[in-house]
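The residues making up each chain are set out below.
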Amino acid sequence: MLGKDYEKLLFVAVFLLGAFSYLGFAKDHGGHCIWYDECPGSTYNKNFTGKAKQLTDKSAIEKLRGMCPQLVPNDTSQPVMTCCSAKQVHTLDSSMAIPRTILSRCPACLQNFLALFCHSTCDPHQSSFMAVDKADIVNNCLQAVYYGISQDFAYGMFNSCKDVQNPSSGQKALDMLCGREASKCTPQDWLNYMGDKSKNPMAPFTIYFTISPNDTIHLDKLNITLVPMHNEIAPCNSSCSCQDCQSSCKPLPPDVPPQKWSILGFDPVIFIVSCVYCAFVIVFGSVHIWIYFYCPPPDKSWPLNDSTAAAKDDDCAYMRDVAPGCYDRFQVRTEEFFEHKFRIWGHFCARHLVVVPSTCVVICVALAAGLAFFQVTSDPVELWSAPDSQARQEKNYFDNNFSPFYRTEMLIITAKNGSLWWKKDLGEGTGGHLYGPVLRKEILHEVLDLQTSIEDLVAYSEKLHRNVTLEDICFSPLKPDNPNCTIMSVLNYFQNDHAKIDAVIVDSEGFWNDADYTSHFSICAKDPLTVNDLNMQGTNLSCLAEFGGPVMPWVALGGYPGDNYENATALVVTFVVNNFKNETFQEMATTWEAKYLELLHRFQGDNITVNYSAERSIQDELNRESQSDVFTVLISYCVMFLYISIALGNYNSLSRLLVDSKVLLGLSGVVIVLVSVVSSIGFFSYIRIPATLIIIEVVPFLVLAVGVDNIFILVQTFDRYKPKPGETTEEQVAHVVGKVGPSMLLTSLSESLAFFLGALTTMPAVRVFSLYAAMALFIDFLLQMSCFVCLLTIDAKRREVGRFEIACCKKTSVPPQVSNGGYLYYLIKEFYAPFLLNKVVRPIVMFVFVTWICVCAAVMNKVEIGLDQKLSMPEDSYVLRYFYAMEEYLSVGSPVYFVVEGGHNYTTVAGQNQICGGSGCPDNSLLGQVYQATRRSNSSYISYPPSSWLDDYFDWVSPGSGCCRTFKGNSSFCPSSDDRSDCEPCNITHVQQKRPEGEDFVRFLPWFLADNPGISCPKGGHAAYGSAVKLLRNDSLIGATYFMTYHSILRTSNDFIEALRYARELGFNITRTLSEWNATDDALSNGQTASSLSSDSERVTPVVFPYSIFYVFYEQYLTIVNQTVFNLGLSMAAIFGMTFILLGFDLWTAIIIIVVIAMILLSMFGLMFFWSVSLNALSLVNLVMTVGIAVEFCSHVTRAFAISGFPTRLSRAYHAITHMGSSVLSGITLTKLVGIFVLAFSKSQLFRVFYFRMYFGIVLFGACHGLIFLPVLLSYCGPFVNYARLNRHLRNSPSENAPIASDRRSESQSALVGHVDDGEANRS
């Protein structure tokens, strides 16, 4: 469209230059005319070599004064002598309407541009700088001219216009005027293109422009000398904004990288960690060296597992006589209290084997009934963005005031033959040009066939009982005037017509091709708003799409270098579909998209490869992925169930294999775990808190890990218990429950409280997971302490009478054997524990673990943040191929809208200056600041100047544009496309700085937004800005508006995060600037001085915020680090508090547990760094779960150490790892490992990265720290012996507390264990 208008301008240029004088007359430097008046019936000018004539037509004089004031005397009494007739003046004025509309953004450019044509058209001394060859005069009409221009003027005009922007397209004016990219254009290129009839069909004859730095120009061909035309240049920095004149821009401050904190030039984290590690090595090593050389070994040592030997020792006798303090007694009483209460509870459950399970079943069924209200949140917005988050509120504001961002159906098409191809230049030229592989004609035809077949799709909705077509759901910007759908495709440069692609324009002799589809493509790529490509004369071929709007080349093309669109290697076809949120429309859209995807799944191109996606594609693939992984997950759980069922048994002989097995008991424990999960889901379904897929995938794993660990501890402790003579089964169960119940209470309540507090986070996915997990763990603990205790009692009675487990009606006569605690217990007791606590091994363990933890701490802050969207797709997904194609070929990122909330006053010049970007607008206006951001797109991630409805409205409504018109008589709106004669220019009465204000601004704005762009008015705002302005109160009040631009191509999560961060900062700066302006205006209007301004403004300052479709998903990463610290810190604080209370306010023990949990977390961060697991909501859920599972690995062993009655740290560490290590290893560790390894075979990348890798790390690091590092740490710095507990232990019968199996290790073997901490006994 704009190209057409510029071409009309060029026509005027040649038209006005056409009557240059004869060769001989140019010698008269005084000058005379070379033309006067127009040739009848043609576009040529009449040859005339006389003196200038007086212009008497008053209308023509006023128009000439407005365009060319330098040619009209200021004294109105003086005659106006010109070489142009009144008709020529009127022609010039009408032809300048479009240039005025486009170039008026920069008055200096327009002034210089007009001067070029004013002097050639009407200057009374034309012959001094223009000439014509006699051979170019036909029938007294000029067909070619020579035009001499001074270098200062040519370059001055070029420099004043080279940066002028077209707000609606985001391109520069010279992209259309120069015949090549503005970045490559020179002054001579510009003038040559305007005068070359073969390249510029708007030129009615050839113009030979000559630029000279000298005072004269000698034309050898004509043997004459000209004086170059020179007019005073208006520099653009005098009247143009920074957007349209780079010399008006303030120098950009250099990009200063953010100052990174460093210590002595080193990374501070690495430096601090290194210092801590060196200090540990020095201190720990020095202590061991000192002990080795200067501390003699004790005279005697106790066997680590023999409490009876310790009781008979003299030193222990002395310790027994030490009076315990109040703190020691309080801890013991707390321990005795919990043991007593659990013993009572265990006895109650063991005696009521029907009532307790029945009650549990009733309660669980009641909770599970809540599944009737079960809902799953699958909307990514609801899942990852909090309702009160900034991005969510901004999204809601945008959706409510404009419309939800469109659904996008996109094709990225490449040629199977990906090589560039050479095409000879059109016309008589001998050169050629390289074109991209997708611009071959056969490729375009094949793509158009595919595009047409998609447009013709008809889908049937079973739910709505109706057919759905693309027209039913697509975005049509000019509807109802133009119902065609918006399809961003280069095929729309040809209006999706095969015949127009094949059109060829041949020269008059039928020998050369003057124009074809490649020339038209080049025109459209330079100026997508061209209404009529005059190279394609007779075809009426436009660059505007069928839907009436432009197709920007950077949107429809991909894989090209710089802005060389002809070398594109990919076509991007985008079907823009509305996204109304009502259920009916969503059903229609998803139904049509399903048909669209079905077609593309089947498509096999002859010459093209198609990567494609629909709005529903990601959700479809996630559902398919979940369904495909159901089998993998089921196998994982079945393997774990099988292991639990087998490993829970205590097999002592083959003859009692069917009796001692606990398959049903193990399955019962698993069922209890599943019931607790279902009950938790039912409970929250009652209170309408919807579940997520994360809950379904993660919570069972967590509860199974914790629940199975407790089951193994309970069952194996019962197996190892040596009953007293005459003790009933109920009493045995009660004793075991009293012994392990407090430990299970400690871990379960700590985990539940940690997860409940974790629900305080603002991240919806983490919050919902924490709630469901906390409730499931709490219910699981209650069921284990009630229902499972009953089942354990029933199983114990069955084994006591020798009944088979499966066929319980059968019995065996083989008597039960004394349990040895199991083979795993035996291996740990006899081999592993003595080896681990050896005086040589212990320091090695400390060094290895501290080294690893320091390495993890050093890289913790280097874990990548974000989620690569490719990981969410299966490896065989078509969407994954589409993502790779996006990264490789797309040349522009997502649209970004700078939204001005309602309340801004656009009707005053001051209010307009705060927003606009054209002439007279300050650099710190909204559009000025956004434009400044585009100047450093590498750091701002904003690639193109923003489109501006406000600046285009100023151009549209300007009197000389011919756009704003009313019908005569009724003053109603006359569309610019209406060519009836009863329309007249709008009567604008309130004007300041050539802009409407007050009532006029609001009155004509709806007309601008309803006017379709066309050849007579390219500035019509319907197509580009129809939805950019919210009009209120019957179009009498301006509400929210937006100004759109594009992000640069964003390839990584960090790109998306930084783009959001910069856009937020820019929006904040713009809002602050508006607020400061309003405060200044209010103060000045009240007579205040600038120094008296307050920070508060009485005027309402609207908020300006950026909005893009991806912000709502990536906002979480701006605060993910803080959220991680908050969630993990809160969970660990809850565990610390609960441990501290339930262990009788044992501060040191609670600290040790937290330290080990922190080390496990650090190990997980190390795994994330070294195994490429990024930090996001999924990994944060797993990290929160890590805290819960780490409690299982740490608390049981640590509590066993704390309550142990052995006198030394070493012996207590041995006792703790022996009695709890086997349960932790066989329970949570081996159970989860066998299931986790199955996940490694999942087809889902998401499962393998965020579940297999992290689950494997959780179990591995938890087991290593809990079963290797923790016992060694306790042997060094565990809590001091509690004398009250020690005295109680020594007074009790050895049979009650000593290990069931006698210690078969010799005294010499026991002596292998070091006694570094035996000083604890000597201290007493």
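Our subject is the structure that appears above.
Residues numbered from 1 in each chain as written. Predicted model: local features only at pLDDT ≥ 70, side-chain atom pairs only at ≥ 80, totals over all residues. Heavy atoms only, no water.

A.B. asks: It is not clear to me how the overall build of the chain should be interpreted in this structure. Could you clarify?
C.D. replies: Helix and strand counts for the chain stand at 47 helices and 32 strands. Sorting the 1324 residues of the chain into buried and exposed places 59% on the buried side. The contacts of the chain with a sequence gap of at least 6 include a subset with a gap of at least 24, amounting to 76%. (Helix = DSSP H or I, 4+ residues; strand = E, 2+ residues; numbered from the N terminus. Buried < 20%, exposed > 50% of the residue type's maximum accessible area, 1.4 Å probe, protein only. Contact = heavy atoms within 4.5 Å.)

A.B. asks: How should I be thinking about the pattern of salt bridges in this particular structure?
C.D. replies: Close approach of charged atoms lets side chains of opposite charge pair. In total, this model carries 30 salt bridges according to the counting rule given. Between K1019 and D952 there is a salt bridge, and its shortest N-O distance comes to 2.7 Å. On the criterion of sequence distance, the pair formed by K1019 in the loop between α35 (998–1010) and α36 (1022–1025) and D952 in helix α34 (residues 949–957) is long-range, its members being 67 residues apart. Relative accessible area serves as the criterion here: at 1%, D952 is assigned to the buried category. In this structure, E1115 engages R1064 in a salt bridge whose closest nitrogen and oxygen atoms are separated by 3.0 Å. (Salt bridge = Lys/Arg side-chain N within 4 Å of Asp/Glu carboxyl O.)

A.B. asks: Any chance you could explain helix α21 (residues 583–602) here in plain terms?
C.D. replies: Residues that lie three or four places apart on an α-helix share one face, since the helix turns once every 3.6 residues. With 20 residues, α21 should cover 28 Å at 1.5 Å per step; its first-to-last C-alpha distance of 29 Å lies within 8% of that length. For α21, every residue scored as buried is listed here: F585, E587, M588, A589, T591, W592, E593, Y596, L597, L599 and L600. (Expected span 1.5 Å × (residues − 1).)

A.B. asks: What's the story with the packing of aromatic side chains in this structure? I'm lost.
C.D. replies: Each pair of aromatic rings is reported with the distance of its centres and the angle of its planes. Across all of its chains, the model carries 65 aromatic pairs by this definition. Between F330 and F1145 the ring centres are 5.4 Å apart and the planes differ by 40 degrees, which places this aromatic pair in the tilted class. Taken as a pair, F330 in helix α12 (residues 326–351) and F1145 in the loop between α39 (1120–1142) and α40 (1147–1170) lie far apart in primary sequence, 815 residues in all. Connected via pairs of aromatic rings, a cluster forms that spans F398, F402, F405, Y406, F475, Y897, Y1042 and Y1107. (Phe/Tyr/Trp six-rings, centres within 6.5 Å; stacked < 30°, edge-to-face > 60°.)

A.B. asks: Before we go on, may I ask you to explain the side chain of N579 in this structure?
C.D. replies: Within the fold, N579 resides in the loop between β23 (570–577) and α21. One polar contact links N579 to R407, side chain to side chain, over a distance of 3.4 Å. Within the structure, N579 has its side chain in polar contact with the side chain of Q586 (distance 3.1 Å). (Polar contact = N/O pair within 3.5 Å; in protein donor to acceptor, adjacent residues only side chain to side chain.)

A.B. asks: Mind showing me how you'd approach the pairing of strand β31 (residues 1037–1046) here?
C.D. replies: In the case of a regular strand, side chains alternate between the two sheet surfaces. Counting buried positions over the 10 residues of β31 gives eight, a clear majority of the element. Pairing of strand β25 (residues 895–900) with β31 involves six bridges; the strand directions are antiparallel. Across the sheet, Y897 pairs through a bridge with M1044, a residue of β31. Across three bridges, the pairing between strand β30 (residues 1029–1032) and β31 is antiparallel. Residue pairing for β31: V1029 is matched across the bridge by T1041. In textbook terms, the turn of a hairpin is the stretch between consecutive antiparallel strands, and for β30 and β31 this stretch comprises four residues, one of which, R1033, has a positive phi near 50 degrees. (Pairing = 2+ DSSP bridges.)

A.B. asks: How do you make sense of the sheet that holds strand β5 (residues 130–131) when you look at a structure like this?
C.D. replies: To summarise the sheet geometry, strands pair through backbone hydrogen bonds and adopt either a parallel or an antiparallel arrangement. Taken together, the three strands give an open sheet; going across it, the order is β5-β8-β11, and neighbouring strands pair in mixed fashion. The strands lining the two open edges of the sheet, one partner per strand, are β5 and β11 (206–212). Packing of helix α6 (residues 151–161) onto the sheet brings it into contact with β8 (144–150) and β11, and relative to β8 it is tilted by some 90 degrees. (Axes fitted to C-alpha atoms, helices over the stretch in contact; angles between N-to-C directions.)

A.B. asks: What exactly am I supposed to notice about the environment of L470 here?
C.D. replies: One can find L470 in helix α17 (residues 470–473). Contact partners of L470, with chain neighbours within four places excluded, come to E455, L457, C485, F575, V577 and W592.

A.B. asks: Just checking my understanding: could you explain the state of the cysteines for this structure?
C.D. replies: A disulfide bridge is the covalent bond that connects two cysteines by way of their sulfur atoms. The tally for this structure, following the rule as stated, stands at 14 disulfides. For C33, the disulfide goes to C83, at an S-S distance of 1.9 Å. Here the disulfide of C33 and C83 is left-handed, its torsion about the S-S bond being about -85 degrees. Remark: C83 occurs in the loop between β4 (80–82) and α3 (86–95) and C33 occurs in the loop between α1 (2–17) and β1 (35–38); sequence separation between them is 50 residues. Summarising the burial analysis for this pair, C33 and C83 share the class buried. Disulfide pairing is shown between C106 and C240; the S-S distance is 1.8 Å. (Disulfide = S-S within 2.5 Å.)

A.B. asks: Help me understand the packing of α39 against helix α41 (residues 1177–1203) in this model?
C.D. replies: Two packed helices can be described by the angle between their axes and the distance between those axes. Between α39 and α41, whose axes approach to 10 Å, the crossing angle comes to 15 degrees. Between α39 and α41, the interaxial angle falls into the category roughly parallel. Taken as a pair, α39 and α41 cross one another with a handedness that is right-handed. Residues I1120, Q1123, T1124, N1127, L1128, S1131, M1132 and I1135 of α39 lie in contact with α41, whose contacting residues are A1177, L1180, L1183, V1184, V1187 and V1191. Per-class residue counts for the contact of α39 with α41 are 10 nonpolar, four polar and no charged. (Parallel < 35°, antiparallel > 145°, perpendicular 65-115°, else oblique. Left-handed = near helix turned anticlockwise from the far one by under 90°. Nonpolar A, V, L, I, M, F, W, Y, C, P; charged D, E, K, R; others polar.)

A.B. asks: I tried to follow the sheet that holds β30 on my own but got confused; where do I start?
C.D. replies: Taken together, the four strands give an open sheet; going across it, the order is β30-β31-β25-β32, and neighbouring strands pair in antiparallel fashion. Looking at which strands have only one partner, the edges of the open sheet turn out to be β30 and β32 (1104–1107). Neighbour-to-neighbour, the strand axes of this sheet turn through a mean angle of 20 degrees, independent of strand direction. Two elements, β25 and β32, share four bridges in a ladder whose sense is antiparallel. Bridge pairing in β32 places V900 opposite V1104.

A.B. asks: Explanation requested: the environment of E727 in the structure shown.
C.D. replies: Take E727: it is sitting in the loop between α25 (693–720) and α26 (729–758). Given the relative accessible area of 18%, E727 is considered buried. Aside from chain neighbours lying at most four places away, what touches E727 is Y721, Q732 and H735. Within polar-contact distance, the side chain of E727 engages the side chain of Y721 at 2.7 Å. Engagement of the side chain of E727 in a polar contact is seen with the backbone nitrogen of K724, the distance being 3.0 Å.

A.B. asks: Help me out: how do you make sense of unusual backbone geometry in this one?
C.D. replies: Most of the time, phi is negative for any residue but glycine, and the peptide bond is trans. The peptide bond linking K479 to P480 adopts the cis configuration, its omega dihedral lying at 10 degrees. Here P480 is to be found in the loop between α17 and β19 (487–488). Of note in the backbone geometry, N1034 takes a positive phi value of approximately 55 degrees without being a glycine. By the element assignment, N1034 lies in the loop between β30 and β31.

A.B. asks: Explain the nonpolar core here, please?
C.D. replies: Ranked by internal contacts, the top residues of the largest apolar core, which has 223 residues, are F769, L926, W949 and W956. Here the element with the most residues in this core is helix α27 (residues 764–801); it accounts for 21 residues. In this view, L926 contacts F898, V900, Q914, I915, F1043, I1070 and V1104; residues no more than four positions away in its chain are not counted. Among the nonpolar cores identified, the runner-up in size contains 81 residues, and L411, A568, F575 and V879 belong to it. (Core = buried A, V, L, I, M, F, W, Y, C linked by side-chain atoms within 4.5 Å.)

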